[in-house]
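Understanding the architecture of this molecule
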Amino acid sequence: MTEETRRDSGKVNATTQSNRQSNRWRRFADWDERPLRLDKFAVEDPENGFAAFRGAKDPKPGLVVAEGRVVSMDGTAAADFDMIDHFVAQHHLDLDLAPRAMAIPSEEIAHMLVDVSVPRTELVHLAHGLTPAKLAEVVAQLSAIELAFAFSKMRTRKTPGNQGHVTNAKDDPLQLAADAATAVAFGFDEIETTMRVARNAWSNALACAVGAAVGRWGTLFQCSSEEAEELQIGMAGFTSYAETVSVYGTERAFTDGDDTPWSKAFLATAYASRGIKMRCTSGAASELLMGFHESKSLLYLEARCLCLQRAMGVQGTQNGGIDGAPLASTMPGGVRELLAENLIAVWLDLECATGNDARHSESEIRVGAKILPYLIAGSDLVCSGMGSILKYDNSFNPSSFNGEEMEDFLVLQRDFEADGGLTSVDEASALELRRRAIDALSAVFAELDLGSPTAAMKQSVAIASGSNDTESYLPRDVAFISDRIKERGIDVLDVIKALAARGFREEAQNLLNVVRLRVSGDYLQTAAVVRQGHVISAVNDPNDYGGPGTGYRLSAARRRELAAIRDVLTREEVLRTEATFAGAEAKRIAYKSMGAAVAEGPADEIVIGVSPAFGIKLFRTLAGHPLSAVLKALSEGIATEGGVPRIVRMRHTADTSFLGLSAARLAGSGIGIGLQAKGTAVIHQAARLPHHNLELFSNAPITSLAHYRALGANAAIYARGEMPQPVVVPTEGKALGARYHAQVALIYAIETALTEDGAKPEEIAIAYLEAAE
């Protein structure tokens, strides 16, 4: 190598290295545009409250009891208790049990939580003697998988359930009624609404109450509003549960909202006394968001909240971050902490609506990973608000799962055979329910002189995906309706009578059935929901998990429901679809059997061996190319390089490799092409092993006619004894297996059903009747 050549070579190498570095940095730049990179992450900072498990001022567990009174708890003397300490010490702790419970090492209690031989009832009893710091210390011992397992064992009700959001960007009552009916059909045990304009609360409540009565009865409903007005709406009978009674883990956070544990307990009692199911809301990072975290960890503060809720006597909680989930998720271990606080809730025997509402990340992978432990463990309410509507219509802000991801969630249930409380709904049924709900609400409006929606308004809502598609009520219009409902004192009985008077007697009865529950009080039990007209709860459906074969198990009927998602392929569906293309293909090409094929041909002959169903039951490749066009492209390619094509149908095999090898052994050149109806193709040589081909097109869905034409040309070049440039079909990183393998398996089953052991290859004469595509 000369010095000049050496210098040039160095320049090339330097340029290549520079390009590689440039490309590497370019890839990092591309990463910055991925959804994950839109998330912002916080450094762990215990002093300033950014700590999931280890706050700078987290107390050590401890309890001193003397003469039936708490002397100190978690390192704080009784004289220095804040109001949360006072409430927890007086109303949560079982002082007869507490000294013995607190003496058990935290590691030992953690083992008990994941030990199937230790019953849930024993652990629930033990929790009544544990302080907030002790509870937090115990669950912090558990890994993510152990937390999920313990949660599955400790949740209150055996049968899982789910809660959905029903809102829209216009507060349009017609759309609320339609979407509520759809949510009920999907199987949500509870639905919740809120408003873009606060004064529209009464209209939203009435609309959702009517919509939730369409199709079946038993779905509980809440209108999230200002606490006093929400209670008034509940007393008017429109709502059947409440969960916006918020509690906090620091005194300053409480008083900043002009509240105390006693005022919250009184509000909870007010709901229960009116027959309204209620739970409190808390969750990691709420104190941090409010600026009153006291340098304590998310988990410890939430443990205080949960002990406080048990002390208040409420039946359940909505926790797991809730509005604070996005902030908690910025911290190391933050998502694990959300699961840990949910575990404390069920350990304290509270119904748990396990968050998974506020979307904590722009990354679909992070969102999917977060929901999985709850889905496979089961939860009283897997989401405390899945968006049954599109993201932009979710007035609570986008949930982890929204209307766009509804089918993803249904498929996750199917994938893991895990019950997330929902069931697939076909489009015809959904549309029928939506129209019925719209008509029912319109009838109520007419009877009570609240409005007169036009036929165009109703039609636009019935077929709409979201409020961007509707030509219906706007927020200002709704405000007048809402004001009239409130000012005239319209209540649920007025709505029931209006439904009945206008011929919607089934809906009137459904709504009345829910109101009657408030008299019996059965659905005030822990974790109560209504299924098929019966209340099930932790009382009559307790979680009795004790190892494999115990606890909640899918029934055969429920497994069939989970499996029955939309767009499931069957052999019959594949054949039906293919048959729709048979007529068009018959106008392009004619196949004529010429008898058994023999191995006698010129040295330039290339045999194309097609599969058994090719042109008989199957007529398109997975890329959508007519089979006539593929044959023509291959034949033209062969001809361009001086080869002569011959078509043979193989009946003894449908395997691509053996199609190609059998074709090669018949060809005068010893070169053959194997071609399946789905489009997979191979160039083979007579002397090679079956799966040691010359070239292979394995990605039929992205193989073009130009690729087939080039493959034919290469086959002819191989026949001359030359080495061509192999044809490569770029995959572009597409997950072709996920998109096509179910269809491929069914197509191949159709092919193999036509094979016959020992069957002779069949010579085929073809005639092109029209120009193939």
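Residues numbered from 1 in each chain as written. Predicted model: local features only at pLDDT ≥ 70, side-chain atom pairs only at ≥ 80, totals over all residues. Heavy atoms only, no water.

1. Some remarks on the packing of aromatic side chains
Two aromatic rings, taken as a pair, are described by how far apart their centres are and by the angle between their planes. Selection rule: By convention, a stacked pair of Phe, Tyr or Trp rings (six-membered ring in the case of Trp) has centres within 6.5 Å and planes under 30 degrees apart, an edge-to-face pair has planes over 60 apart, and any other such pair is tilted. Here a strand is any run of E in DSSP of at least two residues, a helix any run of H or I of at least four, and the numbering for each starts at the N terminus. Buried residues are those whose accessible area, probed at 1.4 Å on protein chains only, stays under 20% of the maximum for their type, while exposed residues exceed 50% and partly exposed ones sit between those limits.
The full count for this structure, using the stated rule, is nine aromatic pairs. Both rings, one in Phe 445 and one in Tyr 473, keep their centres 6.2 Å apart while their planes meet at 70°; by these two values the pair is edge-to-face. Taken together, the positions of Phe 445 in helix 19 (residues 427-447) and Tyr 473 in the loop between helix 20 (455-462) and helix 21 (475-487) put the pair 28 residues apart, joining distant regions of the chain. By the burial criterion, Phe 445 is buried, and Tyr 473 matches it.

2. Here we look at the sheet that holds strand 16 (residues 644-649)
Short version of the rule: Two strands qualify as a pair provided DSSP detects at least 2 bridges between them. Angles here are taken between N-to-C directions and fall from 0 to 180 degrees, while the axes themselves are lines fitted to C-alpha atoms, restricted in helices to the stretch in contact. We call two residues contacting when some pair of their heavy atoms lies within 4.5 Å.
The seven strands lie next to each other as 14-20-16-15-17-18-19, forming an open sheet whose pairing is mixed. Either end of the sheet is taken by a strand with one partner, and the two such strands are strand 14 (589-596) and strand 19 (695-697). Sheet twist, expressed as the average angle between the axes of neighbouring strands with direction ignored, equals 30°. Relative to strand 15 (residues 605-610), helix 27 (residues 627-640) is tilted by about 165°, and along the sheet it contacts strand 14, strand 15, strand 16, strand 17 (671-675) and strand 20 (762-768). Each of strand 15, strand 16, strand 17 and strand 18 (681-685) is contacted by helix 28 (residues 656-666), which is oriented at about 150° to strand 17, the strand it contacts most.

3. Some thoughts on helix 8 (residues 173-186)
Rule in force here: A helix is expected to span 1.5 Å multiplied by its residue count minus one. Any pair of nitrogen or oxygen atoms within 3.5 Å is treated as a polar contact; in protein, a donor-acceptor pairing is required on top of that, and neighbouring residues in sequence qualify only through side-chain atoms on both sides.
The end-to-end C-alpha separation of helix 8 is 20 Å, in line with the 20 Å expected for 14 residues at 1.5 Å each. Where burial is concerned, most of helix 8 is hidden: 13 out of the 14 residues are buried. Where helix 8 begins, the side chain of Asp 172 points an oxygen toward the backbone nitrogen of Leu 174, at a separation of 3.1 Å. Count one or two residues on from helix 8 and you reach Gly 187, which has phi positive near 110°.

4. Re the packing of helix 8 against helix 20
Note the cut-off: Roughly parallel means an angle under 35 degrees; roughly antiparallel means over 145; roughly perpendicular covers 65 to 115; every other angle is labelled oblique. Each crossing gets its hand from how the near helix is turned against the far one by less than a right angle, where anticlockwise is left-handed and clockwise is right-handed. Amino acid classes used here: Ala, Val, Leu, Ile, Met, Phe, Trp, Tyr, Cys and Pro are nonpolar; Asp, Glu, Lys and Arg are charged; the rest, including Gly, are polar.
As a packed pair, helix 8 and helix 20 sit with axes 9 Å apart at the nearest point and diverge in direction by 40°. Here helix 8 is positioned oblique relative to helix 20, judged by the angle of their axes. Two packed elements cross with a definite hand, and for helix 8 against helix 20 that hand is right-handed. The segment helix 8 lies against helix 20, with Leu 174, Gln 175 and Ala 178 engaging Met 457, Lys 458 and Val 461. Partitioning the contact of helix 8 with helix 20 into residue classes produces four nonpolar, one polar and one charged.

5. So, the confidence of the model for the protein
As a reminder, the rule being used: The predictor attaches a confidence to each residue, called pLDDT, with possible values from 0 through 100.
Per-residue pLDDT for the protein averages 93, and the proportion of residues at 70 or more is 95%. Counted against residues more than four places away or in other chains, residues 1-28, with its pLDDT under 50, gives one contact.

6. Observations concerning the side chain of Thr 244
Looking at the secondary structure, you find Thr 244 in strand 7 (residues 241-246). Engagement of the side chain of Thr 244 in a polar contact is seen with the side chain of Glu 230, the distance being 2.6 Å. Contacts of Thr 244, omitting those with residues within four sequence positions, involve Gln 222, Ser 224, Ser 225, Glu 227, Glu 230, Arg 279 and Thr 281.

7. Quick word on the pairing of strand 16
A regular strand carries its side chains on alternate faces of the sheet. Where strand 15 meets strand 16, six bridges bridge the pair, whose relative direction is parallel. When the bridges of strand 16 are listed, Gly 609 appears paired with Val 648. Relative to strand 20, strand 16 is paired through three bridges, and the arrangement is antiparallel. When the sheet's bridge partners are listed, Val 648 is paired in strand 20 with Glu 763.

8. Here's the deal with unusual backbone geometry
Of note, Ile 322 is a non-glycine position whose phi angle comes to about 50°, a positive value. Looking at the element boundaries, Ile 322 is found in the loop between strand 9 (316-318) and helix 15 (325-328). Classification of Ile 322 as buried rests on a relative accessible area of 6%.

9. What about the sheet that holds strand 3 (residues 76-77)?
If you trace the three strands from one edge of the open sheet to the other, you get 1-2-3, paired in antiparallel fashion. The open sheet has two edge strands, strand 1 (63-66) and strand 3, and neither has a second partner.

10. What about helix 29 (residues 705-719)?
With 15 residues, helix 29 should reach 21 Å at 1.5 Å per residue; the first-to-last C-alpha distance of 21 Å fits that figure. The buried fraction of helix 29 is high, at eleven of 15 residues. Taken together, the buried positions of helix 29 are occupied by Leu 705, His 707, Tyr 708, Leu 711, Gly 712, Ala 713, Asn 714, Ala 715, Ala 716, Ile 717 and Tyr 718. In this structure, the buried side of helix 29 is in contact with strand 15, helix 27, strand 17, strand 18 and strand 19. One or two positions beyond helix 29, positive phi appears at Gly 721, with a value near 85°.

11. Digging into the pattern of salt bridges
We apply this condition: When a carboxyl oxygen of Asp or Glu is within 4 Å of a side-chain nitrogen of Lys or Arg, the pair counts as a salt bridge.
A full pass over the atoms with the stated rule returns 38 salt bridges. A salt bridge links Glu 294 to Lys 296; the shortest N-O distance between them is 3.0 Å. Residues participating in the shared-partner salt-bridge network are Glu 190, Glu 243, Lys 277, Arg 279 and Glu 351.

12. So, the packing of helix 6 (residues 132-139) against helix 16 (residues 334-347)
Closest axis-to-axis distance for the helix 6/helix 16 pair is 10 Å, and the angle between their directions is 125°. The orientation of helix 6 with respect to helix 16, classified from their angle, is oblique. Crossing handedness for the pair helix 6 and helix 16: right-handed. For the pair formed by helix 6 and helix 16, the contact residues are Leu 135, Ala 136, Val 138 and Val 139 on the first element and Ala 340, Leu 343, Ile 344 and Trp 347 on the second. Grouping the constituent residues of the contact of helix 6 with helix 16 by class yields eight nonpolar, no polar and no charged.

13. Details of the nonpolar core
Put simply, the rule reads: In this text, buried Ala, Val, Leu, Ile, Met, Phe, Trp, Tyr and Cys residues form a nonpolar core when linked through side-chain atoms within 4.5 Å.
Ranked by size, the top nonpolar core spans 152 residues in total, and within it Leu 206, Phe 238, Trp 347 and Val 495 carry the most contacts. When near neighbours in sequence (up to four residues on either side) are disregarded, Leu 206 contacts Phe 238, Leu 441, Val 444, Phe 445, Leu 450, Ile 485, Ile 490 and Val 495. Core analysis: the second largest hydrophobic core is formed by 40 residues, Leu 631, Leu 675, Ala 677 and Leu 705 among them.

14. Looking at the environment of Ser 152
Mapped onto the elements of the fold, Ser 152 is located in helix 7 (residues 144-154). Accessibility expressed as a relative area gives 17% for Ser 152, which makes it buried.

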